[in-house]
Amino acid sequence: MDCVGTSVRDGRSGEPRRAVWYTQKVGAVTQQIVRRFVEVSLAPLESAAWLEGEGLALETDVASAARQPVSADLYYELLERCAAQGDHGLPFRYGTAIRPEDFGAFGLAIKTARTVGDALERLVRYILVITDTLEYQLVDEAGGRRFILAGRSSEQRRGIQIANEAALAAVWSILRQVTVDSVVPELVSFRQACPADAGEHRRHFGCRVRFEAGIDALHLSERVLATQTRLGDEGLSAFLLSQLDELHAQRAERSLVAGVRRAVTDALCDGVPRKGRIARQLGMSERTLQRHLAEGGRSFQALVDEVRREVAEQLLVTTTHSLSEVAFLTGFSEQSAFQRAFKRWTGRTPLAFRGVAG
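Now for a description of the structure that goes with this document.

With that settled, the discussion passes to the packing of helix H5 (residues 90-97) against helix H8 (residues 158-178). With their axes 8 Å apart at the nearest point, H5 and H8 run at an angle of 30° to one another. By the angle class used here, H5 and H8 are roughly parallel. Here H5 and H8 pass one another in a crossing that is right-handed. Where H5 approaches H8, its residues Leu90, Pro91, Phe92, Tyr94, Gly95 and Thr96 are matched on the opposing element by Ile162, Glu165, Ala166, Ala169, Ala170 and Ser173. Along the lines of polarity and charge, the residues of the contact of H5 with H8 split into 8 nonpolar, 3 polar and 1 charged.

Rendered as structure tokens:
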């Protein structure tokens, strides 16, 4: 869960008071990824025990694990803990250990692609199936293409930097596993500064590694992109891709709904946000947002009401804010309008709800 807050003025003292509530976490990875990191940690039992202490018991069954993603914050904290003792090899042990089979239909779709270029195009298209914390892009460059990792800035925290290193290490490891001939990138680039010892980077990728490059990317020649895979199978690929299209659509809908809820929550203290404002924050037009929500049987107004109700309930239960403050923090200009809306949502007045919950 994410903790989101804002401030209101105390009606008696005039001092700012902080209101806190919780919203759905945006950003998660599959348990298969976390499991592999635990396995290659220098202290795997300690890492697993810490996760259990955080309320996460890793599932042994692949299907069960796929249904229970791990929040991005928990994932990044795990990586920071695993690498706390100067373990610079963690991302590359992870990359070496990862297998296409770890990811079910997604991994099989990579294995059955015809060429390295086809496999990378599938990674770009379907990465949302296993994580919504990043995205990949394929961009043409002289003599080949760049496979770029985007969507999360490594400047934000060390855990993200490790995750980015591990993601490119895993992609390259999987490509080596599925290809007929040996493949080597022309260059691998990272946004981060060069570490004291970059030997692990060079050994894993087998090529030049450039730091402070502005992008995290694999730079691949046309020859590498055209390299055949061992199990290229058009028939099986078609079946797997149809499954992934359905799963991708489901994940995309959930990710969009979570993004709308988060943006609405952040904006409530300034009043109820307009659909156009939320659409711009999510990088799309108002019409596109409306269409995507409608395709999933949702409406923007219904999501706004859900968020306002949940925020109001959290504030009434977990804080001592007055009703006028709760009304302000949920986007109402008047307490009376808030009370009427809350009665419509819950069948109870705010004071009655607070009394029962307390």
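Here we come to the sheet that holds strand E9 (residues 216-221). Taken in spatial order, the 5 strands make up an open sheet running E5-E6-E9-E7-E8, and their pairing is mixed. The sheet terminates laterally at strand E5 (135-141) and strand E8 (208-210), the two strands that pair on one side only. Taking the axes of each pair of neighbouring strands and ignoring which way they run, one obtains an average angle of 20° across the sheet. Inspection of the sheet shows E5 paired to strand E6 (residues 144-150) by 7 bridges, in the antiparallel sense. Paired with Leu138 across the two strands is Phe147, which belongs to E6. Contacts from helix H7 (residues 116-126) reach E5, E6 and E9, with the element oriented near 140° to E5.

A few words on unusual backbone geometry. One non-glycine residue, Glu212, lies in the positive phi region at around 50°. Looking at Glu212, the relative accessible area reads 62%, which means it is exposed.

Our focus in this paragraph is the pattern of salt bridges. Counted according to the given criterion, the structure contains 18 salt bridges. Measuring nitrogen to oxygen at the nearest pair gives 2.6 Å for the salt bridge that ties Arg93 to Asp87. Assessed through its relative accessible area of 27%, Arg93 is described here as partly exposed. Given the relative accessible area of 8%, Asp87 is considered buried. In this structure, Arg309 engages Glu313 in a salt bridge whose closest nitrogen and oxygen atoms are separated by 2.9 Å. With Arg309 and Glu313 both in helix H14 (residues 300-318) and 4 residues apart, this pair spans about one turn of that helix.

Let us look at the side chain of His219. With respect to the helices and strands, His219 occurs in strand E9. Given a relative accessible area of 9%, His219 falls into the buried group. A distance of 3.2 Å separates polar atoms of two side chains, one belonging to His219 and the other to Glu141.

Under the criterion given, the structure shown has 12 aromatic pairs. Measuring from centroid to centroid gives 6.3 Å for Phe190 and Phe205, while their planes differ by 55°, and the two rings are tilted. Here the residue Phe190 occupies a position in the loop between strand E7 (187-189) and helix H9 (199-205), and Phe205 occupies one in helix H9, the gap between them amounting to 15 residues. With respect to burial, Phe190 and Phe205 carry one shared label: buried. Pairing Phe190 with Phe211 gives two aromatic rings, centres 5.9 Å apart and planes at 20°, and the pair type is stacked.

As a further point, take the nonpolar core. Counting residues in each nonpolar core, the largest one holds 69 residues, and the members touching the most others are Leu120 and Phe205. Sort the elements by how many residues they give to this core and H8 lands first, with 13 residues. Not counting the four nearest positions on each side in its chain, Leu120 is found in contact with Leu138, Phe147, Val171, Leu175, Leu220 and Leu225. Leu256, Leu293, Val307 and Phe332 belong to the second-largest nonpolar core, a separate cluster that totals 28 residues.

Conventions used here
Residue indices begin from 1 for each chain and proceed along its sequence in written order. pLDDT decides what is reported in this predicted model: residues at 70 or higher carry local features, side-chain atom pairs at 80 or more are listed and counted, and totals for whole chains, interfaces and linings draw on all residues regardless. Working from all heavy atoms in the structure, the side-chain values ignore hydrogens and water. Fitted lines through C-alpha atoms give the axes, limited to the stretch in contact for helices. The angle between two N-to-C directions lies from 0 to 180 degrees. Numbered from the N terminus, helices here are DSSP runs of H or I no shorter than four residues, and strands are runs of E no shorter than two. For classification, angles of less than 35 degrees are called roughly parallel, those exceeding 145 degrees roughly antiparallel, those between 65 and 115 degrees roughly perpendicular, and all remaining angles oblique. What makes a crossing left-handed is the near helix being turned counterclockwise from the far one by less than a right angle; a clockwise turn instead makes it right-handed. Note on contacts: a residue pair is in contact if any heavy atoms of the two residues lie within 4.5 Å. Note on residue classes: Ala, Val, Leu, Ile, Met, Phe, Trp, Tyr, Cys and Pro are nonpolar, Asp, Glu, Lys and Arg are charged, and everything else, Gly too, is polar. Any two strands with at least two DSSP-identified bridges between them are counted as paired. Relative accessibility thresholds used throughout: buried, under 20% of the residue-type maximum; exposed, over 50%; partly exposed, between the two (1.4 Å probe, protein chains only). Salt bridges, as used here, are contacts in which a Lys or Arg side-chain nitrogen is within 4 Å of a carboxyl oxygen on Asp or Glu. Polar contacts, as counted here, are pairs of nitrogen or oxygen atoms within 3.5 Å of one another; within protein the pair requires one atom able to donate a hydrogen and one able to accept it, and residues that are adjacent in sequence qualify only if both atoms are side-chain atoms. Note on aromatic pairs: the rings of Phe, Tyr and Trp (six-membered ring only in Trp) are paired at centre separations within 6.5 Å, and the planes decide the class, stacked below 30 degrees, edge-to-face beyond 60, tilted for the rest. The term nonpolar core refers to a set of buried residues drawn from Ala, Val, Leu, Ile, Met, Phe, Trp, Tyr and Cys, joined through side-chain atoms within 4.5 Å.

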